[in-house]
Amino acid sequence: MIAAYLFVILTTSYLFKTLFHRVFRSPLAHLPGPQITVISGLCLVFKEFTRQRRKWIHKLHLQYGPIVRLSPNEVSFATWDAAKEIYVSGGSGYDKTSFYDLFDNFSTKNTFSTLDKDMHATTKRRFIDRYNKSSVMQPNAVCGIRERAEEFVAKCTESPGKSANIYLYLHCYALDCITHHLFHPYGIHSLTNPSDMSKMRELSYRDTIRSQYLQYYFPKIMAMTARFKHRKNRRGDIVASYVLDLVQNSPETDSSTVLQRLKTQKDTLDDLYVASECMDHLVAGIDTTGDALCFLIHHLSLPESYSIQQKLREELVAHPIDSFDDLPYLDAVVKEGLRCFSPIPMSLPRKVPSGGRMVAGVFIPEDTIVSCQAYTLHRLDPEVFPSPEKFSPERWLESAGSTARNQMFFAFSTGGRACIGKHLAVLEMKLLLQEVYRSYHTKVWEGMKASMALDDQIIASRPKDQICSITFERLSV
Ligand code: HEM
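Residues numbered from 1 in each chain as written. Predicted model: local features only at pLDDT ≥ 70, side-chain atom pairs only at ≥ 80, totals over all residues. Heavy atoms only, no water.

Focus: the overall build of the chain
What the chain contains, in helices and strands, is 20 helices and 12 strands. In terms of C-alpha radius of gyration, the chain reaches 23 Å, essentially the compact-globule figure of 23 Å for 477 residues. Projected onto its principal axes, the C-alpha positions of the chain cover 85 × 55 × 45 Å. Charge centroids of the chain, computed over 57 positive and 51 negative side chains, lie 6 Å from each other. (Helix = DSSP H or I, 4+ residues; strand = E, 2+ residues; numbered from the N terminus. Rg over C-alpha atoms; globule rule 2.2 N^0.38 Å. Lys, Arg positive; Asp, Glu negative; His and termini not counted. Charge placed at Lys NZ, Arg CZ, Asp CG, Glu CD.)

Written out as structure tokens, the structure reads:
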């Protein structure tokens, strides 16, 4: 009985002390945001489990401005100053939060899931040269991607007059391209080999948002339940076995591949680390590039965008095929696509270092979770992006305001932890658009009922129904 009384007294005094601190002492209490977020993080958790986090944060920014408190320990920012402080200061910005533990593979860290920035710099150095623009633009690398872009078009036009589900084929394209870069000649050929299609389906058609948030909030309980499941890898068993097999059996891959680079380090690297790293690049390279292209081609295929298609085609046919990286309108179309339909539109959480920091002019105590999200940075300030909901490639061709526009462009994040696959992704996008729009006019199939609304997953967003039916009409050049 005494123990029960003691328990109640201690719990009550702990709750009272926490509440007192949150309301009267915490510097976050004075920041703009819903009152409930001063005392509780439940609202945020609810929005996360019901996949409304991004939308909710954006709404709060529209209501309260560029700084918004999301919970007693979390703040969202939407200015370049804040993004620079959080993601660029000291090179890589602040350390990642434990949220990124979700992205371990084979229970082993990789560059993306490494929290500490010094450790991250060490892992990234091992392979980053394989993703430099000069490596990605090597003629044999470009040729490999172009071949796959041709296969994509062949797949979409194999039944003339009928629509093609480009959601499916673009994810195949992205999978084939990234595995080519990682493992050539052992890359996947899901566009031409139906038995490889299951690998793409395994990775792109799962909905794991709730289980991943459960894992984030209750890692110990989830670890206990995982013991009963005997899973090799959370992100997919067929693909995990494919990656592990390639790493462990070390077949001779091309000297340009990421696997080869990791296998020829001075210090021998553990197989599980190499597999975790390769698996991460593979997963990071599918839905991002696949969804970015899917949203973009869908938008270009709406009647209101036919003039954009026309302008793009004029540029493409007027220039030799190998000048794809030097075409201003193609570049602007890709950039505007990534601005309007960022495949990673969500917050990228970071932890304020010890001693606290000034972010966008306000003091934020240590260990507070801070972040920016591309969805809001790409829309909030009408001076930087006038008519933000309008798809307008032309905005990227104007010289006035270009510094601010480029600073606010956050599709690949910024600083030392920005996307390493950015040059590869842009190359894949440009080559595919070139292949399609040099020779075809695309239209949304008139019978398409599927929704293209953004459907948020744990960090990326995809079209809600995962179907996008497009018809391809061959043009006489
Ligand atoms: C349009 C396509 C892509 C977009 C929009 C995109 C976006 C991003 C963003 C926003 C981040 C930062 C995430 C964070 O801090 O939480 C990131 C990181 C990363 N991306 Fe991409 N990505 C794309 C394609 C790719 C591809 C093709 C690869 C293949 C290698 C890749 C590999 C990575 C990796 C490994 C990281 C972690 C970098 C680090 O922590 O140093 N991404 N990407």
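Brief notes about the pattern of salt bridges
Once their charged atoms are close, side chains differing in charge can pair, the charge on each being opposite to the other. Scanning all chains against the criterion turns up 22 salt bridges. Its salt-bridge partner being Glu336, residue Arg339 comes within 2.9 Å of it at the nearest N-O pair. Taken as a pair, Arg339 and Glu336 lie in helix H17 (residues 328-340) at a separation of three residues, close to a single helical turn. Pair check on accessibility: Arg339 and Glu336 agree, each one buried. A salt bridge links Arg395 to Glu336; the nearest nitrogen and oxygen atoms lie 3.1 Å apart. Remark: Glu336 occurs in helix H17 and Arg395 occurs in the loop between helix H18 (374-377) and helix H19 (402-408); sequence separation between them is 59 residues. Arg395 sits in the buried class, given a relative accessible area of 6%. Looking at Glu336, the relative accessible area reads 0%, which means it is buried. In the salt-bridge network here, residues are joined through shared partners; they are Arg51, Asp207, Asp455 and Arg462. (Salt bridge = Lys/Arg side-chain N within 4 Å of Asp/Glu carboxyl O. Buried < 20%, exposed > 50% of the residue type's maximum accessible area, 1.4 Å probe, protein only.)

Here we look at the site of the ligand
Lining the immediate surroundings of the ligand are 28 residues, of which Tyr100, Phe112, His120, Arg350 and Cys419 lie closest. Here an oxygen atom of the ligand sits 2.6 Å away from a polar atom, N or O, in the side chain of His120. Note that an oxygen atom of the ligand is positioned 2.9 Å from one of the side-chain N or O atoms of Arg350. A total of six residues in the shell around the ligand trace back to one element, the largest contributor, which is helix H15 (residues 271-300). Of the residues in the shell around the ligand, the class split is 16 nonpolar, eight polar and four charged. (Near = heavy atom within 4 Å. Polar contact = N/O pair within 3.5 Å; in protein donor to acceptor, adjacent residues only side chain to side chain. Nonpolar A, V, L, I, M, F, W, Y, C, P; charged D, E, K, R; others polar.)

A short note on helix H13 (residues 237-249)
Here H13 spans 18 Å end to end across 13 residues, near enough to the 18 Å set by a 1.5 Å rise per residue. Of all the positions in H13, only Val239, Ala240, Tyr242, Val243, Leu244, Leu246 and Val247 are classed as buried. Buried residues along H13 sit in contact with helix H9 (166-183), helix H10 (197-204), helix H14 (258-263) and H15. Trailing H13 by a residue or two, Ser250 shows a phi angle of about 40 degrees, which is positive. (Expected span 1.5 Å × (residues − 1). Contact = heavy atoms within 4.5 Å.)

Digging into the sheet that holds strand E9 (residues 440-444)
Strand order in the open sheet formed by three strands is E4-E12-E9, with antiparallel pairing between adjacent strands. With partners counted over all chains shown, the strands left at the sheet margins are strand E4 (164-165) and E9, one partner each. Bridging between E9 and strand E12 (residues 469-474) involves five bridges; their strand directions are antiparallel. The residue of E12 that forms the bridge with Val444 is Ile470. (Pairing = 2+ DSSP bridges.)

Notes on the UniProt feature "binding site: heme" (unreviewed entry) in the chain
The UniProt entry lists Cys419 under the feature "binding site: heme" (unreviewed entry), expressed in the numbering used here. With respect to the helices and strands, the residue Cys419 is situated in the loop between H19 and helix H20 (422-437). Of the residues examined, Cys419 reaches a relative accessible area of 37% and is grouped as partly exposed. (UniProt positions renumbered as here; feature names shortened; annotations may be inferred.)

A look at the sheet that holds strand E5 (residues 350-351)
As summarised here, the arrangement of the five strands in space is E1-E2-E8-E5-E3, forming an open sheet in which the pairing is mixed. Unpaired on one side and paired on the other, strand E1 (67-71) and strand E3 (95-96) mark the two borders of the sheet. Of the strand pairs in this sheet, E1 and strand E2 (residues 74-77) are connected by four bridges, and their pairing is antiparallel. Counterpart to Ser71 in the pairing with E2 is Glu74.

Looking at the packing of aromatic side chains
The final tally for this structure, using the stated rule, is 20 aromatic pairs. Geometrically, the ring pair formed by Tyr100 and Phe112 is edge-to-face, given 5.4 Å between the ring centres and 85 degrees between the ring planes. Placement of Tyr100 in the loop between E3 and helix H6 (117-125) and of Phe112 in the loop between E3 and H6 is noted, with a sequence separation of 12 residues between them. On the basis of relative accessible area, Tyr100 is assigned to the buried category, the value being 1%. (Phe/Tyr/Trp six-rings, centres within 6.5 Å; stacked < 30°, edge-to-face > 60°.)

Quick notes on the side chain of Ser190
Note on placement: Ser190 falls in the loop between H9 and H10. At 3.4 Å, the side chain of Ser190 forms a polar contact with the backbone oxygen of Cys172. A distance of 2.8 Å separates the side chain of Ser190 from the side chain of Asp176, its partner in a polar contact. The contact partners of Ser190, leaving out residues within four places of it in the chain, are Cys172, Leu175, Asp176, Asp196 and Met197.

Section: the packing of H13 against H15
Between H13 and H15, whose axes approach to 9 Å, the crossing angle comes to 135 degrees. In terms of their interaxial angle, H13 and H15 are classed as oblique. The interaxial crossing formed by H13 with H15 has right-handed handedness. Each of Val239, Ala240, Tyr242, Val243, Leu244, Val247 and Gln248 in H13 lies in contact with H15, whose residues at this interface are Asp271, Leu272, Val274, Ala275, Cys278, Met279 and Leu282. Per-class residue counts for the contact of H13 with H15 are 12 nonpolar, one polar and one charged. (Axes fitted to C-alpha atoms, helices over the stretch in contact; angles between N-to-C directions. Parallel < 35°, antiparallel > 145°, perpendicular 65-115°, else oblique. Left-handed = near helix turned anticlockwise from the far one by under 90°.)

Observations regarding the state of the cysteines
Each disulfide is one covalent bond, formed between the sulfur atoms of two cysteines. Scanning the model with the defined rule gives zero disulfides in all. In this model Cys294 remains outside any disulfide bridge; the closest cysteine sulfur is found in Cys468, 4.2 Å from its own. (Disulfide = S-S within 2.5 Å.)

Brief notes about the side chain of Gln466
Within the secondary structure, Gln466 sits in the loop between strand E11 (461-463) and E12. Engagement of the side chain of Gln466 in a polar contact is seen with the side chain of Tyr167, the distance being 2.8 Å. Once residues lying within four places of it in the same chain are set aside, the contact partners of Gln466 are Asn165, Tyr167, Ser204 and Tyr205.

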